[in-house]
Amino acid sequence: YFVEADGESPLGGGDLAYVTLRRPLHSRTLFAAAGDGAYLDPLALADGGVLASYHPADGDASYALYRIDGATGQRLELVHAKKGFDTLDAQELAPHPRVQGRSSVVDLSKKTGVFFCVSSHVTDRPGLEHLREGGATTIRVIEAVPLTKKPTTTGSGFEENILGEAPVENDGSFHIEVPSGVPLRFALLDEKGGTVAEQDSWTWVMPREWRGCIGCHEDREMVVPNKMADAFVLSAMTAVAADQPTLPQFVDVTASAGISFVHSIGDDELSNIVESSGAGCVFFDYDNDGDLDIYLVNGRYLETVSSARGRHLAGQLKNALYRNNGDATFTDVTEKAGVGDTGFGMAAVAADYDNDGDRDLFVTNYGRDSLYLNNGDGTFTDVTQKAGVGSELWSLGASFFDFDRDGLLDLYVGGYLVFDPEYRNFYAAEAFPGPLSYRGQKDILYRNKGDGTFEDVTRAAGVYSTKGRAMGVAACDIDDDGDEDLYVANDGMENYLYRNRGNGTFEEIALRTGNGDAHHLEPEEDTLFRGKGGRSFVDVSGASGPAFKLKAVGRGSAAGDLDNDGDLDLLVLNLNGPARLYRNDGGNRGNWIMVRTVGTASNRDGIGARVRVKSGGTTQVRDIRSSSGYLSQGDFRAHFGVGKSQKVDRIEVRWPSGRTSTLDNVKVNQVITVTEPEVKKK
């Protein structure tokens, strides 16, 4: 890893340090070089090491040597430090995707090396701001000829020869193979061939060495120790993870898809917890044409909640339904479908509660909740009053599930707070009172009676409490006994985990199992975590496209395969801002299978079914669930990535009824429908 420091460096100035990676890749040798070309003794660590350096504004320089885990990049301990690097928190960092999977282009038996850059756009230097927008399109490699002595600075008498040029990716990264043992420097060019930034000192690349930098022209006076240390770990880990695939990129297609929805809190300025809590979004196929449609929940102006400044929004806000046209565009069909709910919206979930073959829609509100029956012709009917689910309490999360396994979907609705608009006792920095300033309120469990109506069985089922502050609700079979259990995420207090006893009642076991961990809003980037073998996650937001560089106050999100191409796209609802639709590009490089369940004795959607997919010696498990994420619902279909496997060895579905379905030797890269088997009559 190549960095620079001026003559005030404790190592003598000039080229401060770089990292040589030798085989085996987990062994790394670190060299320090003084400005006069004399190389200091190498510092070697058997388990891998990384040298972190920065240059503060006061003209002094510091560095630190850490021992890191060669397999994970976990920083283990501080080995040596010089000023300012006493402690840094241990953390994991993702290898940069532009280098992952490309080791095959480098023949390590040859005397060549690899030079890569994480982002050539990173700069705070005046006059170079345009580089953040992709102003650099080409990287030029220049060598010094003849090589007569150790590297020196430009203008020392060396003749320069342009070795070649390579494109810079849209995110500012590049990856090139260069000769070793030759002094090199690099220049960034714009699309017209003009130089926009260049290196003013020479770089050596050793045989079989990977060399990286965090930003070719990053202003070192603006770099803080932690960030530069992270850059070194990132650089060192790239070669270790070179066999990993390039990550998918999420592309914002909101405008081109025709999604113009903008969420509103019903006010000109956020002033209370009601306005800050919503809202969610839903992927569901309301018209049974085989692709996912979109439902988005909105706020409203409400005199008892909103300030007078928001009065101009009265009657202007409603939820929206967008129909998927099947050609990457959507049409707003809210008015035609009759689902433009005008309540102060929070969450939405969709499921076929009447088992007639199409999905119905339930919306929670601050105030009366709403249930819309799908008529099967592209329209819905508000049946809230008839069904008996129009609670006037403040509801947030909700979930359809069949808790008594009678083949009919029941409904759990999480109650949040008893909001008092007159209560204004809070710390000034918080802008308004938080959740613990108000009394909690009860959740409601509605049992489906099978005649289009529901009954409140909250007390009888053992899930009644007036102390909770439910924000999220999830149902799945946590103990693998065939019936669905409940998890309720409460705000500012312990959570509830209800184990289904199988007799129509639940037992609260959260504290026993360790799941009960006892506002002013600032926009932030969304975060994407990539799973590592089911054991941990790593943040790959910065490597997954510009979608994760946008700052907003995110609320609901849903994942689903909008274009049926085998990878999961994303829908995000931002508080008081535009909804965003992100298409997954490249997530289907590996093979996949998607399972759609159709119940017969069980509920029609197959909610509560457990799907197991076996391929390549690996077994993956998914539960068919209603709600997912915060106040939202994603694709019902169970999606499985199977990597390089050319077939799925076995698909097993355990239905809520107890019946099972088994399919063997299934072709990959398809959406397969599994229908619950009928019981054979004797």
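Residues numbered from 1 in each chain as written. Predicted model: local features only at pLDDT ≥ 70, side-chain atom pairs only at ≥ 80, totals over all residues. Heavy atoms only, no water.

### Notes on the overall build of the protein
So, step 1. Helix and strand counts for the protein stand at 7 helices and 44 strands.
So, step 2. Taking all 682 residues of the protein together, the buried fraction comes to 53%.
So, step 3. Surface summary for the protein: the accessible area is close to 29500 Å², and the carbon and sulfur share equals 48%. (Helix = DSSP H or I, 4+ residues; strand = E, 2+ residues; numbered from the N terminus. Buried < 20%, exposed > 50% of the residue type's maximum accessible area, 1.4 Å probe, protein only. Areas by Shrake-Rupley, 256 points an atom, 1.4 Å probe, with all protein chains shown as cover.)

### Examining the side chain of Ser276
So, step 1. Note that Ser276 resides in helix H3 (residues 273-277).
So, step 2. Among the residues examined, Ser276 registers a relative accessible area of 7% and is labelled buried.
So, step 3. Looking at Ser276, its side chain comes within polar contact range of the main-chain oxygen of Ile273, at 3.1 Å. (Polar contact = N/O pair within 3.5 Å; in protein donor to acceptor, adjacent residues only side chain to side chain.)

### Overview of the sheet that holds strand E19 (residues 330-332)
So, step 1. Pairing within the open sheet is antiparallel, and its 4 strands lie in the order E16-E17-E18-E19. What marks the edges here is a single partner per strand, and that holds for strand E16 (281-284) and E19. Between one strand and the next, the sheet's axes are offset by a mean angle of 20°, whatever the strand orientation.
So, step 2. By the bridge criterion, 3 bridges tie strand E17 (residues 293-296) to strand E18 (residues 320-324) in an arrangement that is antiparallel. Bridge pairing links Ile294 to Tyr322 in E18. (Pairing = 2+ DSSP bridges. Axes fitted to C-alpha atoms, helices over the stretch in contact; angles between N-to-C directions.)

### Describing the packing of aromatic side chains
So, step 1. This structure, assessed with the given rule, holds 14 aromatic pairs.
So, step 2. Ring geometry for Tyr366 versus Trp394: centroids 5.3 Å apart, planes at 85°, classification edge-to-face. Taken together, the residues Tyr366 in strand E21 (residues 360-374) and Trp394 in the loop between helix H5 (384-387) and strand E23 (395-401) connect sequence positions 28 residues apart.
So, step 3. With relative accessibility at 2%, the residue Trp394 sits in the buried group.
So, step 4. Taken together, a centroid distance of 6.5 Å and an interplanar angle of 50° make the contact between Phe401 and Phe506 tilted. Taken together, the residues Phe401 in strand E23 and Phe506 in strand E30 (residues 506-508) connect sequence positions 105 residues apart.
So, step 5. A residue is classified by how much of its surface remains accessible, and Phe401, at 0% relative accessible area, is buried.
So, step 6. Through a chain of ring-to-ring contacts, three or more aromatic side chains come together here, namely Tyr366, Trp394, Tyr416, Phe419, Tyr423 and Tyr438.
So, step 7. For Arg459, the ring lying beneath its charged end belongs to Tyr464, and the centroid distance is 3.8 Å. (Phe/Tyr/Trp six-rings, centres within 6.5 Å; stacked < 30°, edge-to-face > 60°. Lys NZ or Arg CZ within 6 Å of the ring centre and 35° of its normal.)

### Concerning the nonpolar core
So, step 1. Membership of the largest hydrophobic core comes to 35 residues, with the highest contact counts inside it found for Phe362, Phe400 and Ile651.
So, step 2. When neighbours within four sequence positions are excluded, Ile651 is seen to be in contact with Ile593, Val595, Val611, Arg612, Val613, Ser661, Thr662, Leu663, Val666 and Ile672.
So, step 3. In this structure, Ala320, Leu562, Leu573 and Ala579 belong to the second largest nonpolar core, which totals 34 residues. (Core = buried A, V, L, I, M, F, W, Y, C linked by side-chain atoms within 4.5 Å. Contact = heavy atoms within 4.5 Å.)

### Let's talk about the environment of Ile142
So, step 1. By the secondary structure assignment, Ile142 is in strand E9 (residues 138-145).
So, step 2. Using a relative accessible area of 6% as the deciding quantity, one classes Ile142 as buried.
So, step 3. As a C-alpha pair, Ile142 and Ala187 span 45 residues in sequence and 7.9 Å in three-dimensional space.

### Details of the pattern of salt bridges
So, step 1. In the structure shown here, the tally under the stated rule is 22 salt bridges.
So, step 2. Glu335 is the salt-bridge partner of Lys318, the closest N and O atoms lying 1.9 Å from each other. With Lys318 in the loop between E17 and E18 and Glu335 in helix H4 (residues 334-337), the pair connects residues that are 17 residues apart, well separated along the chain.
So, step 3. Residue Asp664 pairs with Arg650 through a salt bridge whose shortest N-O separation is 2.7 Å. Note that Asp664 is positioned in strand E43 (residues 660-667) and Arg650 in strand E42 (residues 647-654), a separation of 14 residues in sequence.
So, step 4. The structure contains a network of salt bridges with shared partners spanning Asp477, Asp480, Arg610, Arg612, Asp623 and Arg654. (Salt bridge = Lys/Arg side-chain N within 4 Å of Asp/Glu carboxyl O.)

### Here we look at the environment of Val621
So, step 1. Topologically, Val621 is positioned in strand E40 (residues 618-623).
So, step 2. Taking the relative accessible area as the measure of exposure, Val621 reaches 37% and is therefore partly exposed.
So, step 3. The spatial distance from the C-alpha of Val621 to the C-alpha of Ile651 is 10.0 Å, given a sequence separation of 30 residues.
So, step 4. For Val621, the residues in contact, after removing those within four places along its chain, are Arg610, Val611, Arg612 and Phe640.

### Overview of the sheet that holds strand E28 (residues 485-490)
So, step 1. Within the open sheet, the 4 strands sit side by side as E27-E28-E29-E30. Their pairing is antiparallel. Edge positions in the sheet fall to strand E27 (470-476) and E30, since each of these pairs with one other strand and no more. Strand-to-strand, the axes of this sheet are offset by a mean angle of 20°, without reference to chain direction.
So, step 2. Where E27 lies against E28, 6 bridges are found, and the strand directions are antiparallel. The partner of Gly472 across the bridge, within E28, is Ala489.

### A few points about the confidence of the model for the protein
So, step 1. For the protein, the average pLDDT comes to 74, and 65% of its residues sit at 70 or higher.
So, step 2. Counting interchain partners and residues more than four positions distant, the pLDDT-below-50 stretch residues 206-245 has 146 contacts.
So, step 3. A low-confidence stretch, residues 516-520 (pLDDT under 50), is modelled with 17 contacts involving residues beyond four sequence positions or located in other chains. (pLDDT = per-residue confidence, 0-100.)

### Overview of the pairing of strand E37 (residues 580-585)
So, step 1. In this sheet, E37 lies alongside strand E15 (residues 249-252) in antiparallel orientation, the contact comprising 4 bridges. Looking at the pairing, Phe250 lines up with Asn584 of E37.
So, step 2. Strand direction decides the pairing type here: strand E36 (residues 569-574) and E37, joined by 3 bridges, are antiparallel. Paired with Val572 across the two strands is Arg580, which belongs to E37.
So, step 3. Between E36 and the antiparallel strand that follows it, E37, lie 5 residues; Asn576 among them carries a positive phi value of about 55°.

### Some words on the environment of Asp420
So, step 1. Residue position: Asp420 is located in the loop between strand E24 (410-415) and strand E25 (444-448).
So, step 2. Along the sequence, Asp420 and Arg439 sit 19 residues apart, while their C-alpha atoms lie 9.4 Å from each other.

### Comments concerning unusual backbone geometry
So, step 1. Cis geometry is found at the peptide bond from Gly278 to Ala279, where omega equals 5°.
So, step 2. Positionally, Ala279 belongs in the loop between H3 and E16.
So, step 3. Of note, the phi angle at Asn288 is positive, near 55°, even though the residue is not glycine.
So, step 4. Tracing the chain through its elements places Asn288 in the loop between E16 and E17.

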